[in-house]
Structures are given as structure tokens and as C-alpha cells.
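One-letter residues, chain by chain:
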Amino acid sequence: MFSHVFMQHAFLAGTAVGLAAGLVGYFLVLRAQVFTADALSHVAFTGALAGLAMGLDARVGLFAVTILVALGMGALGRRARPGDVVVGGVFAWILGLGVFFLTLYTTKRSGSGDGAAGVRVLFGSIYGLSATDTAVAVGVAMTIAVAVVGIARPLLFATLDEHVAAARGVPVRVLGYGFLALTGATAAESTQVVGALLILGLLAAPAGAARRVTTRPLAGLAVSAAIAVGSVWIGLTVSYLVPKTPPSFAILSTATATYLMVIAGSSLWAGRRHESDRRDPLQPGPIHGVPETAR
Amino acid sequence: MSGSFSWNLLADLKDMWSLAFMVNAFRAGTIAAVLAGPVGWFMVIRRQNFAGHTLAVVGFPGAAGAIWAGVSIAYGYFAFCLLGALAIAILPGSGGGSDGSAGRGDDADASAITGTVQAFVLATGMAFLAWYGGFLDSATSLLFGSFLGITTSQVTVLAAVAVMSVAGLGLIGRALLFASIDPYVARARGLPTRWLGFGFLVLLAVTVAEVGQITGALLVFALLVLPAATAQRLTARPGLGVAVSVVLAVVTVWTALFVGYYSPYPIGFWLTSVAFAGYVAAHAGGHVRDRLATRTPRRPAPAVAR
């Protein structure tokens, strides 16, 4: 399998992107900002097509537009956490703009461009990566991963208890914006691998599964990244062995199946053990010395 | 599209409506807008935007699967959206928004599940289309809508389903409003908040399936969220808000179809732009009004008459 150059590229870029998505996704789920990521991944579609329509490299449009919109949505929300309605409203319009650019691109540049661009952006083209593409993808993904690990501790504090964190001098707002920018960058980055529409699965499923496997945040971060990378590997292998399977579909099916198994497994596990053992440390624990019924 | 624009709007409308497909587009668009207005209003109140978007996206593999199997797209939309509503309601931790049980932890779980469902379902739709073969054109038109291929029988189905849904919403409307605004008190008063939440999810699924057939799976939001959010910015009164939301949705559809007919750009773009412009205008207007309102009453009270 690895004798093909395109498979090598796919595995390299896929691993890097899976790592970044797993790490960022864990915080997204903890912060209940999955919807924001959803919106940003759609913004990535518009960004890529805007770049293409203006005759630039798709990546320039991707990163610029996605990160800008991420910061903009943060500015509209409270403490850099955009509200539900703001996210929904902004992204409905941005998608409309994406269609506009798609038409612009396919009609105006029909000579040089191709009609498949829209579909490729939406659903990814991991087998079409060149050596430079792969190098850039790995570089960006590694930067994102390092940044997330770097701010993990303060970000965790700010996520779990915003007010206490702010009182202790943690820059909650700056962290919020920084994290939004990282999310935007991840969405843009992953667009090339699994596509703008499907990145959400790589962000949400490993993180959701990790939250059920362990309640310790740093371990959860690692598990989430591991599941994401594993999904990419298994997905790529499956799509190589079963020729008619699109790679994005295989990757997402693996991630979804993992999540489902973890849900089923953790329900069984919880049924056998006492309720207090699977307590979420992020929720207030039992008050010691007070009988169960008195609370 | 085509056609030459003159400033005589009535003549323009007449010209447009001489084409059967435009008449059907206006009919279907109006039906979808009338349904999307009230349902969207409740969706925004209940903060179920993410669920709404996911249901909309579920319609995509439904339609793609219908194409693959060779049946009418409409059935694919309805079947998959209803199944999606069931999945979201049944899966643990995602009891469908504000049914009162959701703490922060449950929220996180619910959004992870919803997001996973959405991405997986999109991937499935893509695989259906890949297996079907005719990938490019169908994907784009299913995702971003094609106002122009709506048949008369499709309009009949849309109308029948819309009438039933609006009637259903009318039946549970009052209780649903109570359960959405204060789930705890509503439950204490004996309202079945879980069932209401589930019923609303089903209504949402049907609405999304209807709107999706016209706007495409990705742009459903333009008609669901934006008019409703604008209406809520304009008035806090429920009855009036629903009415404003319907009017805005219908105006949006008509304007978009009108402009779209005469411009080379796709209708989805105009639809979202018109709706978003309304939203921004309402926000800007609201800010100005708030400014004025806070400034005027703070004038120093006139001194006691000498």
C-alpha cells in the first residue's frame, strides 16, 4: 500500500490533521462549541471558493476567511463565546456567499477552472495531495497541535470555571479568541483532507468518545487525538482495499463507529458499577458526610 | 436566470408567471416560507439551531438515496429527516434541547452526538452519490437547491404536509411555548415536556424536509433561523413574533425569486443575502432605538414649579 506516493502523502497529511482535530475537538466538546465549529467548517467552503474565484490559491482564501470569521463571531458573542443565533445567522449567509463564489468560479473561469472544485472542497480530496501540499498540511497541523497543548492548562481552567479563572488572572477573553482562531485554522486545514462538510465528524466523534472513556482532562485530550488519528489510518486503509469507497466516508464511518461502541460500552459498564464511580469530575461531586437522601 | 428586467414590476411579474416553473417555484417557496416562519420561531426560542441544521443535512443522503433507488426525492427527504429526528431524540444525552434535564455536561455530550450524526450522514450521502455515479451536478443541486425543477405534484405534496404541520403546531403551540420558556415550571404543572420536545423535533424534521427540497440541504437555515431571529429582535410578543416571522420569510422568498430570475447568480445566494440583510437591519435598528430610549428618559426631571 505504501509503495504508492499518493498513499504516503495521504497517510502523512491525514495523521497530522487527525492529531490537530482530535486535540481541538476535545476542547470544542468541553466548551459546548461544536456548533461554532460546524459553522466554521462551512465558512471554510466559502473561503476556499472565494480564493479560487479570485484566482488565488485556495489555501490563502481558506485560512484567511476562516480565521477572520472565527474571530468575528467571537466579537459578536459574550466573552468570545458566540451565541447560537449569531452562529446560525452568520453561517447561513456565508454559505449563500459560497454558492455565489462557486457560480462565479465555474462560469467565469470555465476555461482554467473545473466544475469539480466545489465538490472537492466540500468532500475533500486526500488522494490528490502533492508533496508540497502534504508538507504545508503537516506543518500547519503540527503548529496547531503544539499551540493547543501549549495553552491546554489555562484553557481548561477558563473552560471549566470561567469566573474563577478570570478572578485568578487567566486571560479568559484572549484564550477564547485564541481558541476560536485555532478552531478556524483546523477547519481550514482539514478541508483538504476530509472536506469542509465532514470535518465536524473528526472534531466531534473522537472527542465525544474520549469524554466517555476517561474523565481526566489531559488523558482525554490524548485519547481523543489517538482516536482521531486511528480513524484516519483505518479509514484510509479501508478505502484503499475497497476501491469504490470514498476515503472521507471510510474515515468518518470509523470515527462514528468508535463513538457508538464507546457509548454502548460505557452504558454497560455504568450499569454494572455503582453510580458514583462514573461521576463526571467536571460536575460538582457529592458532599461528604451528607447522606444521599438529604441532598 | 434569464429574462430582461424593466422597471415596470407588474409587467415583470406577469412575464415571470407566464412560465410554469416559475409559478411552481413561487407556490412552493411560499408554502415553505409559511411553514418555516412559525417553526423557525420556536426553534430559535428553544435554542435548537444545531439540531435544526443537522436535520436539514440529514435530508441530503435521503435525497441522494432516493436518486440512487430511483424514487421521488420528496420521499427521501421526509423519510430521512423523520429518522434523524428519532435518532436525535433517542440517543442518550441528547433529549432535544430544553427539556429541562440538560446541565453543562449533557450539553457537551448532546452536541458531540449531534455533530457526529451530521458528519456521518453527510458522508453517507456522498457515498450514495459516488456509487450512483452522477456526482457533480446532483451534489450541488441537492446541497444548494434548485428552485427551478419543482413539479406541480411536488407542490401538492408540499401543501398537504404544510397544512398538517401548521395544524399540529397550532395544537401544541401554547403548551410548547410554556415548556420552552420555563421547562421546570411547565413540568411541575404537569405538562409532558419530553413529549412536547419530541413532537416539536418531528415538526422540525418535516419543516426542514419541505424547505430543503427548495433551498437545498445546506441553505435551509436561511429560511428557518434568519426570519425568526429578526422577528424576535423586533418584538417579544409570541403571537406577533410568529406573524412577523412568517411575513419576513415570505417576503424573503419572493424577493429572492424575483431577483434570482433576473440575475446570473444562484437563488440560494439571494435567499440568504436578503434574509441576512433583514437580520442586520433589525439589529442595527434595535441598537439605535435602544440608544434613543435610554437617552430620552434620563433627561433630568423638571424642577418643582416655582
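Residues numbered from 1 in each chain as written. Chains lettered and ligands numbered in written order. Predicted model: local features only at pLDDT ≥ 70, side-chain atom pairs only at ≥ 80, totals over all residues. Heavy atoms only, no water.

### Structural notes on the overall build of chain B
So, point 1. Along its length, chain B carries 12 helices and zero strands.
So, point 2. Along chain B, helices and strands appear, N-terminal first, in the series α-α-α-α-α-α-α-α-α-α-α-α.
So, point 3. Counting across all 306 residues of chain B, residues that qualify as buried make up 52%.
So, point 4. Within chain B, contacts between residues at least 6 apart in sequence are counted, and of these 77% link residues at least 24 apart.
So, point 5. When the accessible area of chain B is evaluated, it comes to approximately 13300 Å², of which 69% is carbon and sulfur surface. (Helix = DSSP H or I, 4+ residues; strand = E, 2+ residues; numbered from the N terminus. Buried < 20%, exposed > 50% of the residue type's maximum accessible area, 1.4 Å probe, protein only. Contact = heavy atoms within 4.5 Å. Areas by Shrake-Rupley, 256 points an atom, 1.4 Å probe, with all protein chains shown as cover.)

### Re the overall build of chain A
So, point 1. The helix and strand tally for chain A stands at 11 helices and zero strands.
So, point 2. Ordering the α and β elements of chain A from the N terminus gives α-α-α-α-α-α-α-α-α-α-α.
So, point 3. Per-residue burial for chain A yields a buried fraction of 57% across its 295 residues.
So, point 4. Across chain A, every contact between residues at least 6 apart in sequence was considered, and the portion connecting residues at least 24 apart equals 77%.
So, point 5. Counting only carbon and sulfur atoms, one obtains 67% of the accessible surface of chain A, whose full area is about 12000 Å².

### Brief notes about the interface of chain A and chain B
So, point 1. On the chain B side, the residues contacting the 52 residues of chain A number 49 residues.
So, point 2. In total, about 4300 Å² of surface goes out of reach between chain A and chain B, with carbon and sulfur atoms giving 75% of it.
So, point 3. Along the contact surface separating chain A from chain B lie zero salt bridges.
So, point 4. At the surface where chain A touches chain B, the tally comes to three residue pairs in polar contact (both at pLDDT 80 or more).
So, point 5. Looking at the side of chain A that touches chain B, the element that brings in the most residues is helix α4 (residues 84-108) of chain A, giving 18 residues.
So, point 6. Of the residues belonging to the side of chain A that touches chain B, the class tally is 32 nonpolar, 12 polar and eight charged. (Buried area = accessible area lost by both parts, 1.4 Å probe. Salt bridge = Lys/Arg side-chain N within 4 Å of Asp/Glu carboxyl O. Polar contact = N/O pair within 3.5 Å; in protein donor to acceptor, adjacent residues only side chain to side chain. Nonpolar A, V, L, I, M, F, W, Y, C, P; charged D, E, K, R; others polar.)

### Digging into the confidence of the model for chain A
All names here are of chain A.
So, point 1. The share of residues in chain A with pLDDT of 70 or more is 83%, and the mean pLDDT across the chain is 78.
So, point 2. Mean pLDDT across the elements of chain A bottoms out in helix α5 (residues 117-123) (67) and peaks in helix α10 (residues 217-241) (88).
So, point 3. Ignoring residues within four places in sequence, the model shows residues 284-295, a span with pLDDT below 50, making five contacts including any to other chains. (pLDDT = per-residue confidence, 0-100.)

### Some details on the nonpolar core
So, point 1. Formed by 184 residues in total, the largest nonpolar core has its most connected members in A:Phe27, A:Leu198, B:Leu55 and B:Leu204.
So, point 2. Setting aside chain neighbours within four positions, we find A:Phe27 in contact with A:Val148, A:Ala152, A:Leu155, A:Leu156, A:Thr159, A:Phe179 and A:Leu221. (Core = buried A, V, L, I, M, F, W, Y, C linked by side-chain atoms within 4.5 Å.)

### Details of helix α3 (residues 49-69) of chain B
Residues and elements named next belong to chain B.
So, point 1. Here α3 spans 31 Å end to end across 21 residues, near enough to the 30 Å set by a 1.5 Å rise per residue.
So, point 2. Buried residues dominate α3, accounting for 18 of its 21 residues.
So, point 3. Of the residues one or two after α3, Gly-70 is the one with positive phi, at around 80°. (Expected span 1.5 Å × (residues − 1).)

### Let's talk about the environment of B:Ala231
Residue and element names in this part refer to chain B.
So, point 1. On the secondary structure map, Ala-231 appears in helix α10 (residues 220-234).
So, point 2. By relative accessible area, Ala-231 is classed as buried at 0%.
So, point 3. The spatial distance from the C-alpha of Ala-231 to the C-alpha of Tyr-279 is 8.5 Å, given a sequence separation of 48 residues.
So, point 4. Once residues lying within four places of it in the same chain are set aside, the contact partners of Ala-231 are Trp-41, Gly-241, Val-244, Ser-245 and Leu-248.

### Some words on a nonpolar patch on the surface
So, point 1. Among the surface-exposed residues, A:Trp233, A:Ile234, A:Val238, A:Tyr240, A:Leu241 and A:Val242 lie close enough to one another that they form a single nonpolar patch of about 540 Å² accessible area.
So, point 2. Relative to the helices and strands, A:Tyr240 resides in helix α10. (Patch = residues over 30% accessible without salt bridge, like charges linked within 9 Å, V, L, I, M, F, W, Y side chains within 5 Å.)

### Here's the deal with the packing of helix α2 (residues 34-53) of chain A against α3(B)
So, point 1. Across the interface, α2(A) lies against α3(B) with an axial gap of 10 Å and an inter-helix angle of 45°. Classed by the angle they form, the pair α2(A) and α3(B) counts as oblique. Pair α2(A) / α3(B) crosses with left-handed handedness. Residues A:Val34, A:Phe35, A:Asp38 and A:His42 of α2(A) lie in contact with α3(B), whose contacting residues are B:Asn49, B:Phe50 and B:His53. (Axes fitted to C-alpha atoms, helices over the stretch in contact; angles between N-to-C directions. Parallel < 35°, antiparallel > 145°, perpendicular 65-115°, else oblique. Left-handed = near helix turned anticlockwise from the far one by under 90°.)

### Overview of the packing of α3(B) against helix α4 (residues 73-90) of chain B
When two helices pack together, you describe them by how their axes are tilted relative to each other and by the distance separating the axes.
Residues and elements named next belong to chain B.
So, point 1. Look at α3 against α4: their axes get within 7 Å of each other, and the N-to-C directions meet at 140°. By the angle between their axes, α3 is oblique relative to α4. For the crossing formed where α3 meets α4, the hand is right-handed. Taken together, the residues of α4 that come into contact with α3 (itself represented by Ala-51, Thr-54, Leu-55, Val-58, Gly-59, Pro-61, Gly-62, Ala-63, Ala-66 and Ile-67) are Ile-73, Gly-76, Tyr-77, Phe-80, Cys-81, Gly-84, Ala-85 and Ile-88.

### Section: the packing of aromatic side chains
So, point 1. Under the definition given, this model contains 11 aromatic pairs over all chains.
So, point 2. Summarising the aromatic geometry, the rings of A:Phe27 and A:Phe179 are spaced 6.1 Å apart at their centres and angled 70° between planes, so their arrangement reads as edge-to-face. Taken together, the positions of A:Phe27 in helix α1 (residues 5-30) and A:Phe179 in helix α8 (residues 172-191) put the pair 152 residues apart, joining distant regions of the chain. Both residues of the pair, A:Phe27 and A:Phe179, count as buried.
So, point 3. Aromatic ring contacts, followed pair by pair, group A:Phe100, A:Phe101, B:Phe269 and B:Trp270 into a single cluster. (Phe/Tyr/Trp six-rings, centres within 6.5 Å; stacked < 30°, edge-to-face > 60°.)

### What about the confidence of the model for chain B?
Residues and elements named next belong to chain B.
So, point 1. With 82% of its residues at a pLDDT of at least 70, chain B reaches an overall mean of 77.
So, point 2. Note on residues 94-105: pLDDT under 50 across the span, and 32 contacts to partners over four residues away in sequence or across chains.
So, point 3. The ipTM for the predicted assembly is 0.74, set against a pTM of 0.75.

### Re the side chain of B:Thr124
So, point 1. Its location among the elements puts B:Thr124 in helix α5 (residues 104-132).
So, point 2. Here the side chain of B:Thr124 touches B:Phe120 through a polar contact of 2.7 Å, landing on its backbone oxygen.
So, point 3. In contact with B:Thr124, other than residues within four places in its own chain, are A:Phe249 and B:Pro61.

### Some thoughts on the side chain of B:Ser273
All names here are of chain B.
So, point 1. Mapping Ser-273 onto the fold places it in helix α12 (residues 267-295).
So, point 2. Judged by relative accessible area, which is 15%, Ser-273 ranks as buried.
So, point 3. Only 2.8 Å separates the side chain of Ser-273 from the backbone oxygen of Phe-269, close enough to count as a polar contact.

### A few points about the environment of B:Val155
All names here are of chain B.
So, point 1. Looking at the element boundaries, Val-155 is found in helix α7 (residues 152-181).
So, point 2. Residue Val-155 is classed as buried on the basis of its relative accessible area, which comes to 8%.
So, point 3. Along the chain, Val-155 and Ala-25 lie 130 residues apart, while their C-alpha atoms are 8.7 Å from each other.
So, point 4. For Val-155, the residues in contact, after removing those within four places along its chain, are Asn-24, Arg-27, Ala-28, Ile-31 and Ile-150.

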